[in-house]
Each structure stands twice: as structure tokens, then as C-alpha cells.
Amino acid sequence: GLQADREADGTEGVDEDMIVTQSQTNFICPITQVEMKKPVKNKVCGHTYEEEAIVRMIESKHRRKKKACCPKIGCSHRDVRMSDLIQDEALRRAIESHNKKKARHSE
């Protein structure tokens, strides 16, 4: 596994790896389970989703006269509205710079 590979090369940089992994999980949309391209943040509960996915989810719930719950596991926010969503520019930039770094590493 990855963990063993990391441990094999000594302990320096372990904290950094932890931070990277932590932030990468924040790049994953709880709805699509893939890395977000256009993250939007919910002002109410603070969770972030892929814009298209959360918009589709809200619209389909509202068509059935239901409320859209926050799809993040463990979140108790039960009424996500379009008006609660704001573009998460900081996260979008973080994802972009992360992907640029990833691209440089794989060359």
C-alpha cells in the first residue's frame, strides 16, 4: 500500500503528506465522488460540492416537492437551497494548483 511506501523512505515529509491527503479529500465532491472542477460552498453548513451535481440534486428534489439534504456524510443540514451556494474560488484555485503540481510530477 501507499502507507508502506511512505514509511520506507524515512519520516521526513510525513506531516506534509498528511496535509496533502487531507486537502485532497476536500477536493472530492460528496455527490459525484470525483474531484471537483467548479466547487460551490454551502453558506449554511460550509460543505462544498461540484456545482453541476448539487444544482441537479436540488432541482430534482424540488420538482418532487422535497427538500435537498446536504449530501456530506454526517451533516444534519436538511434544506439546501440554490441561494445558499457560493462559488468557492479559493478551493478552485487550490485544486488547479494541486493538479498543476501533479502534472509536473508525472512528466
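Labelled according to an unreviewed UniProt entry, the protein appears under the name E3 SUMO-protein ligase NSE2, originating from Crocuta crocuta. Entered under Pathway (unreviewed entry) in the UniProt record, the comment concerning the protein runs "Protein modification; protein sumoylation." Comment text from UniProt for the protein, heading Sequence similarities (unreviewed entry), reads "Belongs to the NSE2 family."

Enquirer: I'd love a proper account of the environment of Ile-73, names of residues and values included.
Expert: Mapped onto the secondary structure, Ile-73 falls in the loop between helix H3 (51-63) and strand S3 (85-87). Put simply, Ile-73 and Pro-30 are 43 residues apart on the chain and 7.9 Å apart in space, counted from C-alpha to C-alpha.

Enquirer: An account of helix H4 (residues 89-106) is needed here, citing residue identities and associated values.
Expert: End to end, H4 covers 26 Å across 18 residues, agreeing with the expected 26 Å (1.5 Å per residue, within 8%). Of all the residues in H4, the buried ones are Leu-91, Ile-95 and His-98. Within H4, the buried residues cover an arc of 65 degrees as seen down the axis, which keeps them to one side. Those residues of H4 that are exposed and angled more than 90 degrees off the buried face are Ala-90, Arg-93, Lys-100 and Arg-104.

Enquirer: Explain the pattern of salt bridges to me, using residue names and the numbers behind them.
Expert: Counted according to the given criterion, the structure contains five salt bridges. The residue Glu-89 makes a salt bridge to Arg-93 at a minimum N-O spacing of 3.8 Å. With Glu-89 and Arg-93 both in helix H4 and four residues apart, the pair spans about one turn of that helix. Across the pair Arg-92 and Glu-96 runs a salt bridge, and its minimum N-O distance is 2.7 Å. Here Arg-92 pairs with Glu-96, and both are found in helix H4, just four residues apart, close to one helical turn. By relative accessible area, which is 26% here, Arg-92 ends up partly exposed.

Enquirer: With reference to specific residues and values, describe the pairing of strand S1 (residues 39-42).
Expert: Where a strand is regular, its side chains alternate between the two sheet faces. When S1 meets strand S2 (residues 48-50), the two strands line up antiparallel, connected through three bridges. Residue pairing for S2: Pro-39 is matched across the bridge by Glu-50. In this antiparallel pair of consecutive strands, S1 and S2, the connection spans five residues, and Gly-46 shows a positive phi of 85 degrees. In the sheet, S1 pairs with S3 via three bridges, with the strands oriented antiparallel. In the strand pairing of S3, Val-40 is matched with Gln-87.

Enquirer: Could you give an account of unusual backbone geometry, naming the residues involved and the relevant values?
Expert: Despite not being glycine, Gln-33 shows a phi value in the positive range, around 65 degrees. Take Gln-33: it is sitting in the loop between helix H2 (14-25) and S1.

Enquirer: Describe in detail H3, supporting the description with residues and values.
Expert: Taking 1.5 Å as the rise per residue, H3 with 13 residues should run 18 Å; its terminal C-alpha atoms sit 18 Å apart, in good agreement. Along H3, the positions that sit buried rather than exposed are Ala-53, Ile-54, Met-57 and Ile-58. Down the axis of H3, the smallest arc covering the buried residues is 130 degrees, so these residues share one side. What points out from H3, more than 90 degrees from its buried face, is the exposed set Glu-52 and Arg-63. Packing partners of the buried residues in H3 comprise S1, S2 and S3. Backbone geometry just downstream of H3 places Lys-65 in the positive-phi region, at approximately 60 degrees.

Here is what the cut-offs are and how they apply
Residues numbered from 1 in each chain as written. Predicted model: local features only at pLDDT ≥ 70, side-chain atom pairs only at ≥ 80, totals over all residues. Heavy atoms only, no water. UniProt positions renumbered as here; feature names shortened; annotations may be inferred. Helix = DSSP H or I, 4+ residues; strand = E, 2+ residues; numbered from the N terminus. Expected span 1.5 Å × (residues − 1). Buried < 20%, exposed > 50% of the residue type's maximum accessible area, 1.4 Å probe, protein only. Arc of directions from axis to C-beta. Salt bridge = Lys/Arg side-chain N within 4 Å of Asp/Glu carboxyl O. Pairing = 2+ DSSP bridges. Contact = heavy atoms within 4.5 Å.

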